[in-house]
Structures are given as structure tokens and as C-alpha cells.
2 protein chains.
Amino acid sequence: MARYDSGMTETRAYHHGDLRRALLAVALEAIEEVGPAALSLRDLARRAGVSHAAPAHHFGDKAGLLTALAAQGFDLLAQTLTAAGDDLLAAGVAYVDFAVRHRAHFEVMFRPEFYRADDAELVTAQGRARAALRAGVAALPTRGAPSDTDRDALAAWSIAHGFATLWLAGALPDRVGDEPREAARAVLRRLAT
Amino acid sequence: MARYDSGMTETRAYHHGDLRRALLAVALEAIEEVGPAALSLRDLARRAGVSHAAPAHHFGDKAGLLTALAAQGFDLLAQTLTAAGDDLLAAGVAYVDFAVRHRAHFEVMFRPEFYRADDAELVTAQGRARAALRAGVAALPTRGAPSDTDRDALAAWSIAHGFATLWLAGALPDRVGDEPREAARAVLRRLAT
DNA sequence: AATCGTATCTTGCCATTGACAAGATGCCGC
DNA sequence: GCGGCATCTTGTCAATGGCAAGATACGATT
């Protein structure tokens, strides 16, 4: 069968092995090509070389698959932010860079209508990401009442998230260039002074 | 026929009258209920009381309908921003308020994979919105080189857009409350000082 | 090592949808 | 009236999501 000769050392051994992981991998490719809305489970099955009903066994339905992807994404984001360290500007740049480099994950993560927001694994992953976000803001010098920290955190998250979203939507003028980290740094500096 | 007794004075006279407008109206309702991705042309036809192929005549396909909605949305946004005046903070609050009050429009406008980005009417509407955006930022005192105005515009747009997007995604903590204008003002003040 | 239980995957099926083609309906100008 | 045309309907097809039932292979138990 064709499904046995996938060759590469990573995603092979479909039958008993990691079809689940393979499906998540091809799902990322498919989402980068057509977006999360136009994702087709049957297309994923074809890409993975399995029958059209195989994905359902591992994820139940499309929402199940996207839930798994979202959880994976929040974990990855938490990792990325933690690695960026305590500097607010660096964390913001890392946030934008994550959105661009892991576009498929990012586009699923903030579309709760596509997945099951009450999934346990997802919720804990979101918690990790949230904690990593706040860690970056905590390093800011407090400029007033302690409640200002919350406001600052929201402001920082908003500007990074907004820039990333506009970048991905192709809404920004060409003049900002094609280097997201650089462009993000210039904009985020406006707030993180 | 049932399609003639829509009663209200606004969207009546389907056969020769404004099926197009009626379809756009029910599309907004449907999008608020299930999101733009799960929008079904046949469902719109049922809501409007026409046959399943009627929408295709006015919009060609689903992308055509969403293109019309996006153009309508950008025009509405331009209007809203212009009405908000020259104050940057007020413009930002108006932007967020627009996103929440016209959620369906907003959710389509920034998903170019759903519509035809090269549509003429859409492009001009985008131009109007972009101009209105820049007008709000131009009132800011310049704090350096003139190129800073571009940066400031991007920063302001990013923070307002990010806050709006996170609000719509339900990603913000409950503690921000349920009054978008108020919450947005508190966050945007952090930048527009 | 043989067997049983179970996870994994396949085949078959049905309702829904988007898109297209062809036909019906009714308005409007001549 | 009458013809042309925009508008809307009916009919159809391929693709999809999801479900049910069956096949297959692994692993644990004896």
C-alpha cells in the first residue's frame, strides 16, 4: 500500500504509529494553504494516505482536530514567550514572530468558534501561554497603582496581537516591508518605553 | 407566496425590489450566529424566503457576497471614524466600538481569504477607511521625524485592532468587564498620551 | 504459542452544501 | 400588445462531514 512508503524518518508507520501526529502535521500544511475555514478532513486523509474516515477516529470531528491544534499552538506560544525572556519589547517581537512563523497555529488559536473552548488540555495550554504573557509585562516599571499592571499587560498584548493580525491579514501598507520582526520592533517601541 | 408577506417596511418586495439588500441583511444575522466561515448561501436563501439559487444571481458565489459585505463594512467604518472626530483616543474607542457593534462586518473585513480583494468597490471603500484612520492620527503632536507619524499610525491602529480582535475572540479575562468602550478607553489611554 | 479483546483503519451510506445549467416568471420600453 | 431582459426557480452533480458497520492487526493473558 502507498501508505507504508512515506520514506522519511519522521511521520511513517501509519497503521500503528502516529497517524494522529501525521494528521496534525498535514493539517498545518493545509491550513497555511487554504486557511482553517476551508480545511477538509477528507483532504487531510488523502494527504496522509489513509481512508476518509480515519481522521474521525482520532479527533471525533473537525472541531476536535482544531482543538488539538489550538492546544499545541498555545503550548508553542508559551514556550516561545518564555524563551524571549523578561524584556517587554523582546516578548512583543517574539509574539509577532510566532504569529508569522506559525501562522496556521495562530489562525486557529484565536478562533474559538472552530474548536471546543472547554477542552481540558486546551485550557491548561492557554493558562501556560497567559502566564508567559504576564511574565513579560511584570518586568515593566510600575507607573502608578498596581492595577496599572493589568492595563499595561492588556495594552501590550493588544498592540502585539493587533500588529500580528493585521500583518497576517495583509492589511498593512507595503511600506512596512517584509521583515516582521523589524517592523514589529519599530511599532512596539512606541509603547514599550 | 410566503415571500411576499414580509410585512415590515424595510425589506419587502422580493421579486423586483431589493433581494440583494435583503440577502445582505440576513447574511449579517447569520454571521453573528455562526460566524462567516459557517455561512451557508442556502440558509440565506431560506431566511429570505427564496430559492436556493437566488443568491448566486446577485453575488455570483459566496466570495461575491462576502466581498459586498466587506465593502459595506469598510464604508461604515470610514463613516464611524470620521464621525468620531480628530481625537486619537476617541477614534480608537470608536474603532473598538465599531468592531463590537458591527461584529459581522468586522469579522469579514479582515479575512481576505473569504472575499475578492481586487474588487473595485471594495478597494475604494478600503481607501476611505484608511484615510479616516490616518486623519485621526494626524492630529497627534509629532514627536520627532515625520516618519514617526507612520509609526504612530501603525501603533494606534494595532492597539485598537488588537483589543477589538481579542475582545471578539473572547480571549480577554473576565475582569475587563462587559463595556467595550470603557475598557478600550482605559487600554488605549496607555498609548494615546 | 494460540486466542481474545481492543485500538485502529476501511467501506458504505446519507444529508447538506456550492456551483452550474436550463427553464419559468414578470417587468419595462418600444 | 410584444419582445427583450433581469430576476428567480427547478434540477442536477461533485465534494464534504459525520455516522454505522465491518475488517485488520497488535498486545495482553493464559
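If you're wondering where the values come from, they're calculated on a predicted model, not measured in any experiment. (Residues numbered from 1 in each chain as written. Chains lettered and ligands numbered in written order. Predicted model: local features only at pLDDT ≥ 70, side-chain atom pairs only at ≥ 80, totals over all residues. Heavy atoms only, no water.)

S.K.: Break down the overall build of chain A for me, citing the residues and quoting the values.
M.R.: The helix and strand inventory of chain A stands at nine helices and zero strands. In sequence order, the secondary structure elements of chain A are arranged as α-α-α-α-α-α-α-α-α. Across the 193 residues of chain A, 47% fall into the buried class. Within chain A, contacts between residues at least 6 apart in sequence are counted, and of these 64% link residues at least 24 apart. Carbon and sulfur atoms make up 51% of the accessible area of chain A, which amounts to about 9600 Å² in all. (Helix = DSSP H or I, 4+ residues; strand = E, 2+ residues; numbered from the N terminus. Buried < 20%, exposed > 50% of the residue type's maximum accessible area, 1.4 Å probe, protein only. Contact = heavy atoms within 4.5 Å. Areas by Shrake-Rupley, 256 points an atom, 1.4 Å probe, with all protein chains shown as cover.)

S.K.: How would you summarise the pattern of salt bridges if you had to cite specific residues and measurements?
M.R.: Counted under the stated rule, the structure contains 22 salt bridges over all chains. Ionic pairing is found between B:Asp150 and A:Arg175, a salt bridge with its closest N-O pair at 3.2 Å. Note that B:Asp150 is positioned in helix H8 (residues 147-169) and A:Arg175 in the loop between helix H8 (147-169) and helix H9 (180-188), a pairing that runs across two chains. The shortest N-O distance in the salt bridge between B:Arg101 and B:Asp97 comes to 3.7 Å. Taken together, the residues span about one helical turn, with B:Arg101 and B:Asp97 both in helix H5 (residues 88-101) at a distance of four residues. (Salt bridge = Lys/Arg side-chain N within 4 Å of Asp/Glu carboxyl O.)

S.K.: I'd like a rundown of the relation of the copies chain A and chain B, residues and numbers included.
M.R.: Overlaying chain A with chain B gives an RMSD of 0.0 Å, the required rotation being 180° about an axis along which the chain moves by 0.0 Å. Such a combination of turn and shift is consistent with a two-fold rotation axis. Most of the interface of chain A is mirrored in chain B: 100% of its interface residues are interface residues there too. (Least-squares fit on C-alpha atoms with pLDDT ≥ 70 in both.)

S.K.: Quick rundown of helix H2 (residues 41-48) of chain A? Include the residues and the values.
M.R.: Residues and elements named next belong to chain A. For H2, the set of buried residues is Leu44, Ala45 and Ala48. Looking down the long axis of H2, one finds its buried residues gathered within 100° of arc, a one-sided arrangement. Of the surrounding elements, those touching the buried residues of H2 are helix H1 (19-34), helix H3 (54-59) and helix H4 (62-84). Just past H2, the residue Gly49 takes up positive phi, approximately 75°. (Arc of directions from axis to C-beta.)

S.K.: How would you sum up helix H7 (residues 120-138) of chain A? Please name residues and give values.
M.R.: Residue pairs spaced three or four apart in an α-helix point in one direction, given the helix's 3.6 residues per turn. All names here are of chain A. An ideal rise of 1.5 Å per residue puts 27 Å on 19 residues; H7 measures up with 27 Å between its terminal C-alpha atoms. Looking at H7, one finds that the buried residues are Leu122, Ala125, Ala129, Ala132, Gly136 and Val137. Along the axis of H7, the buried residues cluster in a sector spanning 140°; they form a single face. Residues Ala120 and Ala138 are exposed on H7 and point more than 90 degrees away from its buried face. Sitting at the head of H7, Asp119 places a side-chain oxygen 3.2 Å from the backbone nitrogen of Glu121. (Expected span 1.5 Å × (residues − 1). Polar contact = N/O pair within 3.5 Å; in protein donor to acceptor, adjacent residues only side chain to side chain.)

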